[in-house]
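Structural features, examined
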Amino acid sequence: MIKAATRFFIFICLLSGVLGYAQNKKKFASIPSILQQINPDDKIGSWVLVYNNYGKGEEVKTSGGKLSYIPQFSGFNLFPSEDSFYYIAYSEGGKINYILDMDGLKRFIGRIDNAQEAAVMLASEGYVVDEEFKDLAGNYHEDSSNYYLDLGKVTSKECPYQKTHYTLTVNKATGKVTHTKDNGTYIELYNKKCANNPRLLKIEKKEEPKKDEPKKTPKRR
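Described below are features of the structure shown in this document.

Parameters at a glance
- Residues numbered from 1 in each chain as written.
- Predicted model: local features only at pLDDT ≥ 70, side-chain atom pairs only at ≥ 80, totals over all residues.
- Heavy atoms only, no water.
- Buried < 20%, exposed > 50% of the residue type's maximum accessible area, 1.4 Å probe, protein only.
- Helix = DSSP H or I, 4+ residues; strand = E, 2+ residues; numbered from the N terminus.
- Pairing = 2+ DSSP bridges.
- Disulfide = S-S within 2.5 Å.
- Salt bridge = Lys/Arg side-chain N within 4 Å of Asp/Glu carboxyl O.
- Phe/Tyr/Trp six-rings, centres within 6.5 Å; stacked < 30°, edge-to-face > 60°.
- Lys NZ or Arg CZ within 6 Å of the ring centre and 35° of its normal.
- Contact = heavy atoms within 4.5 Å.
- Axes fitted to C-alpha atoms, helices over the stretch in contact; angles between N-to-C directions.

1. Side note on the pairing of strand E2 (residues 46–53)
Of all the eight residues making up E2, six are buried; the element is thus mostly covered by neighbouring parts of the structure. Both E2 and strand E4 (residues 84–92) contribute to a ladder of eight bridges, which runs antiparallel. The residue of E4 that forms the bridge with Val-48 is Ala-89. In this structure, E2 lies alongside strand E3 (residues 56–63), joined through seven bridges in antiparallel fashion. If you follow Leu-49 over to E3, its bridge partner there is Lys-61. Counted along the chain from E2 to the antiparallel partner E3, the turn is two residues long, and its residue Tyr-54 has a positive phi close to 55 degrees.

So, in C-alpha cells, the structure goes:
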C-alpha cells in the first residue's frame, strides 16, 4: 500500500512538471512584434524601425524624437522574402546612421534583454521563428538563468527540401548558446526531379509487365 502511494505521488509530481513546462511555453508573436522588442544598449537619441514591402515603407517602431531619414532600398529580414525587408535609422552624434544587415543589427542590440532579442540574434545563424509551425518552431520559455527557444532551420535546400526544429538554450548573463537540441525534421518536401523521391523509387521497384510468349504450334506425328 505504501509503495503504491509512493509511486502515485511520484507520478503526480512528474505529470505536474510536464504540464507546468507546457504551460510556461509562450508562442512568439509576428515578426514585426518580435522586432518591436528591440532595446539597444547604447544611448541612442532617436531611432526608427522601418518595414519596406514592395517599395512602400512603414514605421513599425519609433523611439525618441522625429527623424529625417532617407528611405533605404535594402535591409535585413528574419524570414527572407524577395519583396520585403526591414531597416533601422538612428541618430547618433548629430548624424543619421542605418542598420541594413544582421551583423549591424546584432551590434545595435548589444546585450540580450529578452527572448525576442535572443531570437533576433539567432536569426543571423539561420534559425527562424516559423510562423506556420509555432508549436514546433516558434515558441520559448525561460527561467532565472536561461531562455529556451524552439526555432526552425532550413537544413537542406537539395532534394528533399528539409526544415528541422531545435531547442536552443541561451544564457541570460552571457547571451551565449550553451546547448542545442536537435528535435528532428518537421518538413520534408520532394519534387518530381528528386532522385531519392520515395514515390519514384516505389514505381521503379515494380516489376515490368511480362511480355506475352509466342504460342507453340503442336508437332505433327
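Following the structure, the description resumes.
2. Quick notes on the state of the cysteines
For the structure shown, the criterion picks out one disulfide. What pairs with Cys-159 in a disulfide is Cys-194, and their sulfur atoms sit 2.3 Å apart. Disulfide Cys-159-Cys-194: the torsion about the S-S bond is -85 degrees, which places it as left-handed. Remark: Cys-194 occurs in the loop between strand E10 (177–189) and helix H6 (198–205) and Cys-159 occurs in the loop between strand E8 (146–156) and strand E9 (161–171); sequence separation between them is 35 residues. Looking at Cys-159, the relative accessible area reads 33%, which means it is partly exposed.

3. Some words on the pairing of E9
Burial within E9 is extensive, with 10 of its 11 residues counted as buried. Bridge count between E8 and E9: 10 bridges; the pairing is antiparallel. Note on E9: the bridge partner recorded for Asp-150 is Thr-167. As consecutive antiparallel partners, E8 and E9 are separated by four residues.

4. Some thoughts on the pattern of salt bridges
Inspection of every chain in the model, using the stated rule, returns five salt bridges. In this structure, the salt-bridge partner of Asp-135 is Lys-27, at a minimum N-O distance of 2.9 Å. Note that Asp-135 is positioned in helix H5 (residues 134–137) and Lys-27 in strand E1 (residues 26–27), a separation of 108 residues in sequence. For the pair shown, Asp-135 and Lys-27 are each scored as exposed. Ionic pairing is found between Lys-163 and Asp-130, a salt bridge with its closest N-O pair at 3.1 Å. One end of the pair, Lys-163, is in strand E9; the other, Asp-130, is in the loop between strand E6 (127–128) and H5, and 33 residues separate them in sequence. Residue Asp-130 is classed as buried on the basis of its relative accessible area of 1%.

5. Some words on the packing of aromatic side chains
Geometry of an aromatic ring pair is reported as the spacing of the ring centres plus the angle between the planes. Applying the stated criterion to the full structure yields nine aromatic pairs. For the ring pair Trp-47 and Phe-108, a centre distance of 5.4 Å and an interplane angle of 75 degrees mean the geometry is edge-to-face. Here the residue Trp-47 occupies a position in strand E2, and Phe-108 occupies one in helix H3 (residues 102–109), the gap between them amounting to 61 residues. Summarising the burial analysis for this pair, Trp-47 and Phe-108 share the class buried. Lying over the aromatic face of Tyr-127, Lys-153 brings its terminal NZ or CZ to 4.5 Å of the ring centre.

6. Describing the environment of Ile-187
Structurally, Ile-187 is set in strand E10. Here Ile-187 falls in the buried class, since its relative accessible area comes to 14%. Once the C-alpha coordinates of Ile-187 and Lys-163 are considered, the two residues, 24 residues apart in sequence, prove to be 5.0 Å apart. Sequence-distant contacts of Ile-187, that is, excluding residues within four places in its chain, are made with Phe-133, Tyr-161, Gln-162 and Lys-163.

7. Topic: the sheet that holds E4
Spatially, four strands are ordered E3-E2-E4-E5 in an open sheet, and the strand pairing comes out antiparallel. Strand pairing shows two members of the sheet lacking a second neighbour, E3 and strand E5 (95–99), which therefore form its edges. With strand direction ignored, the average angle separating the axes of adjacent strands in the sheet is 25 degrees.

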